[in-house]
Every structure is written in C-alpha cells, then in structure tokens.
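Here is what each chain is made of, one letter per residue.
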Amino acid sequence: MYPGDNMRMGHGYQPLLQPQGPIMPGATDGGNANPVYGATAVSIPGEGPTAPPTHLMDKVTGYEGGGGYVPPPPTVFPGPENDLRPQPAQWNVPSISEDCAREALISYAKSKCCYNSEPAEKMHFQSLTPANTLRYRLETFTESRSTEWASEPYTGQFVDTPACGPAPLPWDIPVPPPPMFADTKQKVKVPHTASVKGCHDCKALGRIACQKCTATGKVECWVCHGRGRNMNDDRCMTCNGTRLTKCTSCNGAGGKQCSTCLGHGQILCYIQLVVVWETHRFEYVVDQESGFPNDLLKKVTGSNLFIDQNLMVYPVIGSPYPAVNEASQRGISEHHNQFATTKRICQQKQTIELIPITRVRYDWKEKTYSYFVYGTEHQVFADDYPAKCCCCTII
C-alpha cells in the first residue's frame, strides 16, 4: 500500500490481488523492482478482459447478480394517455400524367449505360392504371439498461467506494435521454461502486511479457535461421554467430507496458451502467396483386396520410383497407408483448403512407410493353424495356 492510500480510498479500500500465475523465468521489467511484490519480472503474455473476474469483485448491494440486463420496474410501464382514437384524414389518391410517366421512363433509360432512350421518347400510351398502395409503419422507441464491471488505470484519482454511500439502483440513476427515435448508447459510472485492484492482465507488475520472444528479448536470427553461420559456412555477420538477434517487437526488453493499467500495476474497478435507446419498427404493405415487386418499396417514400405519436398509441381505425387496420392492431400487440416487460417504452409513432404506383402500358414498334412508376421519387421498374442494348438495331 502506498502512503496516503488510506486517506484517498477511505474505509472501502481493498488490498491488491495476489498474482494468479507464475512469473516467467528469466524475464525482466527493465531493472525496476515491482513495489508490491518486490520482484523484477514480467507477467505471462496476452491480455484479457477489461476487469477482473466477477467473483473477485466486491459485493455491492443491489448488484449481487454480477451484472447483465436489468428489467425496468413496473411503475414505468406506460399505457395510452386517453381513450381518443385518432382517425386518418381523408384518403386522397393522386395520379400521374402521361408527361410525368414519359419523363420517368426517359430518366430511367438514360440512367442505364446500355439502354436506348428512343422507345421512351416515342412510345404511344395505351393506359395508365393506378395501383397505389398503403404502407403502415409502427415505431416504438425503447430504453433498456444493463450493468457490467469495467475498469480504468488507477493513477491516484478519487475512489468512490461503497463507504461513500449506498449505490443507486440502475433505474434510479438519472440519464439524459436523446431526441425521440434517435438510436443512442451511453455508458455511465454507477456511484459508490469503485475499488482499487491489482491489474489482472499483468499481475500488478505494470508490464506483460513479449509474445514474440517469450520475454527473452531475443529471437532467432532471420538471416541464418538460427545456424550462426551463412551459406558459405562463415560466421553470420547479422547475429555475430550467436544465432539470436534483438527482438524488434519489444526492442529487446522482453516485455511491454501493460495496456490495461498503462504500467501503473493498479486499476480502478467500478460498475458501469449501459443505457441503450433504440427504435423498433413494424411495417406492413398492402399487396395490390398488380405484379409489382413490393420489395422495391423499401427504397422509396410516399405521402403521409396519417401520423399518430404518443407515449402509447391505439390501433388505427377508419382505413379504407381492413388489412391496414388489422396490421395496426397486430403491430401494437406484438410490440407490447415484446417490450412491455423487458424495456421501457418511451414513445410510439404510427404512420400510414400512400405510395403512388402507376402501371403504364404502351406500344412501341407494334408491340405492347409495360412498366411501373412508383414512389414520390417517380422510380421506374421496367423488366421488359424494348431497347436494353444501344448497340442493337431497333426494327
């Protein structure tokens, strides 16, 4: 124990851990004797976890389980704030004009390196049939909390031990939330859980053995491959016949500074609260059975017909598509079952988008073709475009 440690750490001071493994024979820490063990040595190679094993840590009231996921108390489980169920506004179904449909196909053809835009420019329309669809989306923004042991190099900083007061429970620790539906992860030190331990990686020595030279500071000569002589059977000039050269990884020292304690031999251990805010989504798209691949709709947007945001939302009613009403009921029920007892629900938002889809039939060179214009971005899906190669002669 160093002078002043009792004053710095109070009655919660814990003595350093004893070494858990043998010191490597022949190892050296550069000639500096370890102040705790009185040894001039380097620990076994390799680096482990960021904190000592859980069974070696102090017992903290309220954290006896050793860390992990912590469910929220029942008092934070919300319910709908009122019994007013919002109904969607008037359902307006937009349609596109022939000029818009033509421009969309021309842009599509020009975006392809091997497409000729002539069919798009000179085609004759047969029909424009709306195949608009609805996309229902439920977003549930949740907060979850877990605890874990963590550590940092101990350099004499204040140690907030359990002697300073009882540790607050995970859900009693105030953590400023991010904006709603902004996924974030934050780590916070739990007050009154700290203690000083000997570094578990270097056995409190401050240094670890070099794995390349096994703490000897020497490696096999790379020129003579350990023979001590060259191809002409003369003495190797690189190793001077010793068969060994200085290890370049540790510069011949046989060990390196421990990256866990940064050479101090001690670490400050504490319980860390991990708070995760994340958005969970449920989506449903009405299938109009028009032949359009609905997977393409993931990359486009529609017009919001309905937005409802609250602590908890009610299922949608009044949609002209019963499938949307059913999807809303199913999504809200699924999210409640998944998160009401495992996470804290901070906010919910449900939207209904009208995604415009128009099927266009047109004639080109006495043949009939079709394509789809979809999304507010007027993307095009045309799997049978008649001029996919600009090198081909269009007859």
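Scroll up to find the structure.
The present account deals with the structure reproduced in this document. Owing to the predicted nature of the structure, the values given are computational and were not obtained by experimental measurement. (Residues numbered from 1 in each chain as written. Predicted model: local features only at pLDDT ≥ 70, side-chain atom pairs only at ≥ 80, totals over all residues. Heavy atoms only, no water.)

**Side note on the sheet that holds strand β2 (residues 124-130)**
Pairing within the open sheet is antiparallel, and its four strands lie in the order β2-β13-β14-β15. Since the sheet does not close on itself, it has two edges, and those belong to β2 and β15 (379-381), each with one partner. Neighbour-to-neighbour, the strand axes of this sheet turn through a mean angle of 25 degrees, independent of strand direction. Bridge analysis of strand β14 (residues 367-374) against β15 gives three bridges, and the strand direction is antiparallel. When the bridges of β15 are listed, V373 appears paired with V380. (Pairing = 2+ DSSP bridges. Helix = DSSP H or I, 4+ residues; strand = E, 2+ residues; numbered from the N terminus. Axes fitted to C-alpha atoms, helices over the stretch in contact; angles between N-to-C directions.)

**Considering the environment of D201**
Note on placement: D201 falls in the loop between β5 (195-198) and β6 (207-209). In this structure D201 comes out as buried when scored by relative accessible area, which is 6%. Remark: the alpha-carbon pair of D201 and S259, spanning 58 residues in sequence, is separated by 8.7 Å. At 2.5 Å, the side chain of D201 and the side chain of T260 are in polar contact. (Buried < 20%, exposed > 50% of the residue type's maximum accessible area, 1.4 Å probe, protein only. Polar contact = N/O pair within 3.5 Å; in protein donor to acceptor, adjacent residues only side chain to side chain.)

**A closer look at unusual backbone geometry**
Backbone geometry places T214, a non-glycine residue, at a positive phi of 50 degrees. Inspection of the secondary structure assignment puts T214 in the loop between β6 and β7 (218-220).

**Topic: the pattern of salt bridges**
Within the structure shown, the criterion is met by 10 salt bridges. K122 serves as the salt-bridge partner of E118, at 3.4 Å between the closest nitrogen and oxygen. Taken together, the positions of E118 and K122, both in helix α3 (residues 118-122) and four residues apart, correspond to about one turn of that helix. When its relative accessible area of 27% is taken as the criterion, E118 is described as partly exposed. Judged by its relative accessible area of 48%, K122 is partly exposed. Of the charged contacts in the structure, one is a salt bridge between E283 and R137, with a shortest N-O distance of 2.6 Å. Placement of the pair is E283 in strand β10 (residues 266-285) and R137 in strand β3 (residues 133-153), with a sequence separation of 146 residues. Residue classification places E283 among the partly exposed positions, given a relative accessible area of 38%. What emerges from the salt-bridge pattern is a single network uniting R135, R137, E283 and E353. (Salt bridge = Lys/Arg side-chain N within 4 Å of Asp/Glu carboxyl O.)

**What about helix α2 (residues 98-110)?**
With 13 residues, α2 should cover 18 Å at 1.5 Å per step; its first-to-last C-alpha distance of 18 Å lies within 8% of that length. For α2, every residue scored as buried is listed here: A101, R102, A104, L105, I106, Y108 and A109. Along its buried surface, α2 packs onto α3, β2, β13 (357-364), β14 and β15. (Expected span 1.5 Å × (residues − 1). Contact = heavy atoms within 4.5 Å.)

**Here's the deal with the packing of aromatic side chains**
One pair of aromatic rings is described through two measures. These are the centre distance and the angle between the planes. Considering all chains together, one arrives at 10 aromatic pairs under this definition. Taken together, the aromatic side chains of F292, F372, Y374 and F381 make up a single cluster linked through ring pairs. One Lys or Arg, K189, reaches over the ring of Y270 and ends 4.7 Å from the middle of that ring. If you follow K365 out to its NZ or CZ, it ends over the ring of W364, 5.4 Å from the centre. (Phe/Tyr/Trp six-rings, centres within 6.5 Å; stacked < 30°, edge-to-face > 60°. Lys NZ or Arg CZ within 6 Å of the ring centre and 35° of its normal.)

**A word on the nonpolar core**
Y63 and V190 are the most contacted members of the largest nonpolar core, which has 22 residues in total. Counting residues per element, the ones that place at least two in this core are β3 and β10. For this core, the element with the most residues is β10, which contributes six residues. In this structure Y63 touches T147, A167, P168, L169, P170, I173, V190 and I271, once residues within four positions along its chain are discounted. In this structure, Y115, Y362, V380 and Y385 belong to the second largest nonpolar core, which totals 21 residues. (Core = buried A, V, L, I, M, F, W, Y, C linked by side-chain atoms within 4.5 Å.)

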